[in-house]
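Inside the fold
Chain by chain, the residues run as shown.
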Amino acid sequence: MSPRDEIPNLRGMDGEGSVQVHQDDDMKIEGAKVFAVYGKGGIGKSTTSSNLSAAFSHLGKRVLQIGCDPKHDSTFTLTGTLVPTVIDILKDVDFHAEELRPEDFVFTGYNGVKCVEAGGPPAGTGCGGYVVGQTVKLLKQHHLLEDTDVVIFDVLGDVVCGGFAAPLQHADRALIVTANDFDSIYAMNRIIAAVQAKSSNYKVRLAGCVANRSKDTDEVDRYCRTVGFNRLAHMPDLDAIRRSRLKKKTLFEMPDDQDVVMVRKEYMRLAETLWNGTLPMAPACLPDREIFELLGFD
């Protein structure tokens, strides 16, 4: 037998052209509804995730939010602080995970939302997928997913590698945060392609998108009509949302100004929609040139 014959053929297991290894069955998250939040860098994924977690908690759900960004700032509006990351805590015990206790890496935030920051490797080194995997492994070892109704993965930036597509291996639905502009919708188009690739071998399906930081939704809606996607919510560009981040609070802790109350209701409506279940979507994402022609200027 030649050395080439000894190499397993993994091509296509996680999408056309992929050589990723399929997830072990014992790493599956069972019992909870799992959502992965994606979108262009800086589009407001953490704001969306944290307020959505708060909304789920107001529906009486037991919520766990997992930040998947080396900046580890996904959950700070829920906890009021930057909590230590799983990867940093593992380093402190020389990666002897058996020495960790749940309170070392799980922190309780607003209205009982459980918060975990996976963290990530230093820039230019390692793989974010490993960190996500270790985080889920720890949560399962400590039976922390057994008393959870909703898990939200808040995922770093655009999907550009298998590592940060790792949460899609665990999710039931992927939610994309976008704005009403070319760059955000272009990124959404690529994320749709990534989710479609994962859906060949995993249960994850697309739920729809959230228009964020946008006065209008005409370009988002035009894209959705073209490819067969669905806008689930619209969060307008309000100064109250910016102020909530500065105050390290969710919108549910802000004063009851008219605009704050309005956006809270939209988050509650989104949480109810996701909890009740969305139809699995399979949009026909556009080639780069076609999306440019759809949204670009003449």
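All of these numbers come straight from a predicted model, not from anything done at the bench. Counting from 1, residues in each chain are numbered in the order their sequence is written. At least 70 in pLDDT is required for a residue's local features to be given in this predicted model, at least 80 for side-chain atom pairs to be given and counted, and no such filter applies to totals for whole chains, interfaces and linings, which use all residues. Side-chain metrics in this entry use all non-hydrogen atoms of the structure; hydrogen atoms and water are not considered.

1. What about the UniProt feature "binding site: ATP" (unreviewed entry) in the chain?
Keep this limit in mind: UniProt positions are given in the numbering used here, feature names are shortened, and annotations may be inferred rather than shown by experiment. Numbering of helices and strands runs from the N terminus; a helix is a DSSP stretch of H or I covering at least four residues, while a strand is a stretch of E covering at least two. The cut-offs for exposure are 20% and 50% of the maximum accessible area for each residue type, with area from a 1.4 Å probe on protein chains only; residues under the lower value are buried, those over the upper are exposed, and the others partly exposed. Throughout, a residue-residue contact means that at least one pair of heavy atoms, one from each residue, lies within 4.5 Å.
What UniProt calls "binding site: ATP" (unreviewed entry) maps, in this numbering, to Gly42, Ile43, Gly44, Lys45, Ser46, Thr47, Lys71, Asn212, Arg213, Pro236, Asp237 and Leu238. Here Thr47 is to be found in helix α1 (residues 45-58). Note on Thr47: relative accessible area 5%, which makes it buried. Structurally, Leu238 is set in the loop between β8 (231-235) and α8 (239-246). Excluding anything up to four places from it in sequence, Leu238 contacts Asp259, Met262 and Val263.

2. Considering the packing of helix α7 (residues 218-227) against helix α10 (residues 288-295)
Cut-off, in case you're wondering: Structural elements are reduced to axes, namely lines fitted to C-alpha atoms, with helices fitted over the stretch in contact, and the angle between N-to-C directions of any two is expressed from 0 to 180 degrees. To sort the angles, those under 35 degrees are grouped as roughly parallel, those over 145 as roughly antiparallel, those from 65 to 115 as roughly perpendicular, and the leftovers as oblique. Take the far helix as your reference; a near helix turned counterclockwise from it by less than a right angle gives a left-handed crossing, and one turned clockwise gives a right-handed crossing. For this classification, the nonpolar set comprises Ala, Val, Leu, Ile, Met, Phe, Trp, Tyr, Cys and Pro, the charged set comprises Asp, Glu, Lys and Arg, and every other residue, Gly included, is treated as polar.
At their nearest, the axes of α7 and α10 sit 11 Å apart, and the two run at 135° to each other. As the angle between them shows, α7 and α10 are arranged oblique. As for how α7 packs across α10, the hand of that crossing is right-handed. Contacts between α7 and α10 involve Glu219, Arg222, Tyr223 and Thr226 from the first element and Ile291, Leu294 and Leu295 from the second. Among the residues making up the contact of α7 with α10, the classes are represented as 4 nonpolar, 1 polar and 2 charged.

3. Quick look at the packing of aromatic side chains
Heads up, the condition is: Classification of ring pairs uses Phe, Tyr and Trp, with its six-membered ring standing for Trp, and accepts pairs whose centres are within 6.5 Å; under 30 degrees between planes counts as stacked, over 60 as edge-to-face, and the remaining range as tilted. Sitting over a ring, as applied to charges here, requires NZ of Lys or CZ of Arg to be within 6 Å of the ring centre and within 35 degrees of the ring normal.
All told, the structure shown has 3 aromatic pairs when counted by the stated rule. Between Phe182 and Phe292, the ring centres sit 5.8 Å apart and the planes meet at 85°, which makes this aromatic pair edge-to-face. Of the two residues, Phe182 is situated in helix α6 (residues 182-198) and Phe292 in helix α10; the sequence distance between them amounts to 110 residues. Accessibility expressed as a relative area gives 28% for Phe182, which makes it partly exposed. Counting every residue linked through ring pairs, the aromatic cluster contains Phe182, Tyr186 and Phe292. Sitting over the ring of Trp275, Lys33 keeps its end group 4.2 Å from the ring centre.

4. Points about α6
Stated formally: Multiplying one less than the number of residues by 1.5 Å gives the expected span of a helix. Polar contact is defined as a pair of N or O atoms within 3.5 Å, subject to the rule that within protein one atom must be able to donate a hydrogen and the other to accept it, and that residues adjacent in sequence are counted only when both atoms are side-chain atoms.
Its 17 residues give α6 an end-to-end C-alpha distance of 25 Å, which sits within 8% of 24 Å, the value for a rise of 1.5 Å per residue. If you check the start of α6, you find a side-chain oxygen 3.3 Å away from the backbone N of Asp183, and it comes from Asp181.

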